[in-house]
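Here are the chains, one letter per residue:
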There are 2 protein chains.
Amino acid sequence: MNRTYELVILGTGNVAHHLAKAFYDQGCTIKQVYSKTQANADQLAKAVNANPVSEIKALNSNADFYLVALKDDAIPEVAEQISLSNALIAHTSGSWGLDALTNATKRAGIFYPLQTFSKDRAIEMREIPIFIEANEQEDLVQLKHLATLLTPAVYEIDSQVRTYLHLSAVIANNFSNHLWYLAKEELKKANLPYEILQPLLQETLAKSMEQGPYHAQTGPAKRGDESIVKKHLELIENPELKELYHKLSKSIANTYLKE
Amino acid sequence: MNRTYELVILGTGNVAHHLAKAFYDQGCTIKQVYSKTQANADQLAKAVNANPVSEIKALNSNADFYLVALKDDAIPEVAEQISLSNALIAHTSGSWGLDALTNATKRAGIFYPLQTFSKDRAIEMREIPIFIEANEQEDLVQLKHLATLLTPAVYEIDSQVRTYLHLSAVIANNFSNHLWYLAKEELKKANLPYEILQPLLQETLAKSMEQGPYHAQTGPAKRGDESIVKKHLELIENPELKELYHKLSKSIANTYLKE
C-alpha cells in the first residue's frame, strides 16, 4: 500500500512539470501550482487537477511537502518571499544548499533528481536517482518516503557529497555535450551529419557503464599513437579546440602511463 | 534477392569477429580466417565455417574481398607481406589511408565501420554507419554492395573526409569517456557509485542527438554562473582536471557568448 501526500509545487518549468505529473500519477494530491506567470500556473495546475496561484502569499499552509522546482537563479528570490516556518519545503536544485531556504522555513530540505528534463520527452522516473537532504532527521525520513514513491534509487546525502555530485555531473554531462558540439562542428567541415556518431556514443556509454570508463577507454592518446595526435592537432583550426585536444590527450596518456 | 560474396578475413580481434559473423549471417562464404596465432584463426574460422590460416602466403587468391581487420599498429606489417595485386583488399581502420595497402594490391580499399566492438557485446549492425573508400571507382561500387549487406548507412568518403571523421570520433567519443573516468574519480571521493550518472548521460545523449548539442547544453558555464565554476575549481584537487574544468568552462562560455 502506497502512502500518498498533499503537495504544493512551486514552478512550472521542466522539473516542476515532470515531478508534478509523476506525483499525481502516483496518487498524490497536488494542492497548488505556483508560478508568478498566471498562465503558466493555470496550464500545469490543469494537468494535475490543482489550484493555480501566482502570488506567494496565496500559498496554502498545510500541505505535506512544498517543492521549489524553480530555475537555480530564481530560488533565493522566491525563497525570500516564503514564510511558512512549519512547512517542509524542499528545493530541487543540484547547485543550492539547504541555506537557500533558511528564510522560508525551519524545515528546509533538498529533493534533487539527477536528470535533465524536457517537457516534450517522456522520462522513466523509476530509473532516476533522487538525492535528498534535510535540516531535521524526521524531515529526511519524510523526504525519503516521498522520493521512494518515484524511484528505488534514493540517496541521503550531505552538503559535501552534494558538491561532489554536482561537480561530477558537470564534468561527465555538461562537458561531454560540449565535446559533442565541438565534434559536430568538425563533422560539418566534411559535410557529415552529427547523427553518424549516435551508435558509437551509445555503445561507448553502455560499455563505460558495464566495464567502467577506465577499461572502456580507446583511441590514439590511450594507445600512445603520437603521430595521429600530431596529425589531428595540425588539422584543428579552432585554437580553443586545439588546446582542449592537447590537454585531454595528455590527461588520457598520463592516466594509462601510470599503469 | 541479396548478393553474397566470398570473403577472406584477416584478423580475429573484435572487429574481425563481428564482421565475419555478420557477413556469414548474411549468407556470405568466409573462405579463410587469418591470424598469425593459429589458435585464434582456428577459433573464429570454426564459428563461420571457414578455413583457418596462420601464414600470409597460404591466403587464397580468388576471393571477392579481403578484409584486413587488424589492430591499427599491425596493418602495415601484415600489408607488407601480402602480394595479391589483383585482389580487392580493404582495411577496417579509421586511422590509416589507402596507402597502407599500396604494397599489397593495386585494388586498395577502406571499409570502416564507425563503432566500438567487444566480443561479448551484441551489436545492431544495421544501425552502424560504414565508411568506404577505394582507389578504383569499380571497387568502390563493389565495397558499397558489400557494406549494404550489413547496413543502410553507407558513406563514400575520401581521405580528407576520413580525417575529419576520425578527429570528430576522437573528440566526441574518446574524450567523453575520459571525462566520465574523471567524474567517476570525483564520485569516489563522496562514496557515490558511477552508475548514478547513467540515466542522466543517456538522456543527455538522446537529447543532444534530437535537438543538437548546441541546444542541449546545460550547466553553470552555459548559464554564466561564475560562483559555481569558482566553487568547483576550488574543490578539484587533481591539477590536470582543474585545468580541464577551467578550459572546458571557458570554451562553453565563449560558445554561448557569441549569441
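Placed above this text is the structure.
So, a few notes on the structure that sits alongside this text. This is a predicted model, so every value here is computed, not measured.

## Concerning the overall build of chain A
Within chain A, the regular secondary structure consists of ten helices and eight strands. Along the three orthogonal principal directions, the C-alpha set of chain A runs to about 65 × 40 × 35 Å. The burial tally for chain A puts 58% of its 259 residues in the buried class. Partitioning the contacts of chain A with sequence separation of at least 6, the portion at a separation of at least 24 is 48%. For chain A, the exposed surface amounts to about 11300 Å²; the carbon and sulfur share of it is 45%. Across chain A, the mean location of the 26 positive side-chain charges is 3 Å away from that of the 31 negative side-chain charges.

## Let's talk about unusual backbone geometry
Residue Asn191 of chain A is not a glycine yet carries a positive backbone phi of 55°. The phi dihedral of Asn49 of chain B is positive, around 60°, even though this residue is not glycine. In this fold, Asn49 of chain B is placed in the loop between helix H2 (38-47) and strand E3 (51-53). Assessed through its relative accessible area of 61%, Asn49 of chain B is described here as exposed.

## Points about the interface of chain B and chain A
The partner chain A presents 88 residues to the 89 residues of chain B that form the contact. Our enumeration of links across chain B and chain A arrives at eight salt bridges. The residue Glu243 of chain A makes a salt bridge to Lys247 of chain B at a minimum N-O spacing of 2.8 Å. Top element by residues in the side of chain B that touches chain A is helix H5 (residues 159-189) of chain B. It accounts for 26 residues. Of the residues contributing to the side of chain B that touches chain A, the split by class is 46 nonpolar, 26 polar and 17 charged.

## Overview of the sheet that holds strand E7 (residues 130-134) of chain A
Residues and elements named next belong to chain A. Reading across from one edge, E3-E2-E1-E4-E5-E6-E7-E8 is the order of the eight strands in this open sheet, with mixed pairing throughout. The two strands at the open ends of the sheet, each matched to only one other strand, are strand E3 (51-53) and strand E8 (154-156). Along the sheet, successive strands turn relative to each other by an average axial angle of 25°, direction set aside. The pairing of strand E4 (residues 65-68) with strand E5 (residues 88-91) spans three bridges and is classified as parallel. For Val68, the partnering residue across the bridge sits in E5 and is His91.

## Looking at the sheet that holds strand E8 (residues 154-156) of chain B
All names here are of chain B. Read across the open sheet, the eight strands follow the order E3-E2-E1-E4-E5-E6-E7-E8; overall the sheet is mixed. Each edge of the sheet is formed by a strand with only one pairing partner; in this case those strands are E3 and E8. On average, each strand axis in the sheet is tilted by 25° relative to the strand beside it, whichever way the strands run. In the packing of H2 onto the sheet, contacts are made with strand E2 (29-34) and E3, and the angle to E3 comes to roughly 160°.

## Quick notes on the pattern of salt bridges
A side chain with one charge may pair with a side chain of the opposite charge, provided their charged atoms come close. All chains considered together, the criterion is met by 26 salt bridges over all chains. In this structure, the salt-bridge partner of Asp72 of chain A is Arg223 of chain B, at a minimum N-O distance of 3.4 Å. Here Arg223 of chain B lies in helix H8 (residues 220-223) and Asp72 of chain A lies in the loop between E4 and helix H3 (75-81), a pairing that spans two chains. Judged by relative accessible area, Asp72 of chain A falls into the buried class, the value being 16%. For Lys57 of chain B, the salt bridge is made with Glu55 of chain B, and the minimal N-O distance between the two is 3.3 Å. For Glu55 of chain B, a relative accessible area of 41% gives the class partly exposed. Via salt bridges that share partners, Asp72 of chain A together with Arg223 and Asp225 of chain B belong to a single interconnected network.

## Some remarks on the relation of the copies chain B and chain A
Under the fitted operation, chain B is carried onto chain A by 0.0 Å of movement along the axis and a turn of 180°, and the coordinates agree to an RMSD of 0.0 Å. In symmetry terms, the pair is related by a two-fold rotation axis. For chain B, the minimum C-alpha distance to the rotation axis belongs to Ser176 of chain B and amounts to 2.5 Å. Take the interface residues of chain B: 99% of them recur as interface residues in chain A, which is what a same-surface contact looks like.

## Quick word on the side chain of Thr12 of chain B
Residues and elements named next belong to chain B. As for its position among the elements, Thr12 is in the loop between strand E1 (6-10) and helix H1 (14-25). Classification of Thr12 by relative accessible area gives buried; the value is 12%. Excluding its chain neighbours within four sequence positions, the residues that come into contact with Thr12 are Val33, Tyr34, Ser35, Asn40, Ala41, Leu44 and Lys119.

## Digging into helix H9 (residues 226-235) of chain B
Of all the residues in H9 of chain B, the buried ones are Ile228, Val229, His232, Leu233 and Leu235 of chain B. Summarising the axial view, the buried residues of H9 of chain B lie within an arc of 160°, below the 170-degree limit, and thus occupy one face. Turned more than 90 degrees away from the buried face of H9 of chain B, the exposed residues are Glu226, Ser227, Lys230 and Glu234 of chain B. Where the residues of H9 of chain B are buried, they touch helix H5 (159-189) of chain A together with H8 and helix H10 (239-257) of chain B.

## As for the environment of Gln211 of chain A
Among the structural elements, Gln211 of chain A can be located in helix H6 (residues 198-211). When sequence neighbours within four positions are dropped, the list of residues in contact with Gln211 of chain A reads Ala216 of chain A together with Ser118 of chain B.

## Thoughts on the packing of H6 of chain A against H5 of chain B
Where H6 of chain A contacts H5 of chain B, the two axes come as close as 10 Å, and the packing angle between them is 20°. Here H6 of chain A lies roughly parallel to H5 of chain B, going by the angle between them. Between H6 of chain A and H5 of chain B lies a crossing of right-handed hand. Residues Leu200, Leu201, Thr204, Leu205 and Ser208 of chain A of H6 of chain A touch H5 of chain B, and the partners they reach there are Ala169, Ala172, Asn173, Asn177 and Trp180 of chain B. Residue classes in the contact of H6 of chain A with H5 of chain B are distributed as six nonpolar, four polar and no charged.

Rules used throughout
Residues numbered from 1 in each chain as written. Chains lettered and ligands numbered in written order. Predicted model: local features only at pLDDT ≥ 70, side-chain atom pairs only at ≥ 80, totals over all residues. Heavy atoms only, no water. Helix = DSSP H or I, 4+ residues; strand = E, 2+ residues; numbered from the N terminus. Buried < 20%, exposed > 50% of the residue type's maximum accessible area, 1.4 Å probe, protein only. Contact = heavy atoms within 4.5 Å. Areas by Shrake-Rupley, 256 points an atom, 1.4 Å probe, with all protein chains shown as cover. Lys, Arg positive; Asp, Glu negative; His and termini not counted. Charge placed at Lys NZ, Arg CZ, Asp CG, Glu CD. Salt bridge = Lys/Arg side-chain N within 4 Å of Asp/Glu carboxyl O. Nonpolar A, V, L, I, M, F, W, Y, C, P; charged D, E, K, R; others polar. Pairing = 2+ DSSP bridges. Axes fitted to C-alpha atoms, helices over the stretch in contact; angles between N-to-C directions. Least-squares fit on C-alpha atoms with pLDDT ≥ 70 in both. Arc of directions from axis to C-beta. Parallel < 35°, antiparallel > 145°, perpendicular 65-115°, else oblique. Left-handed = near helix turned anticlockwise from the far one by under 90°.

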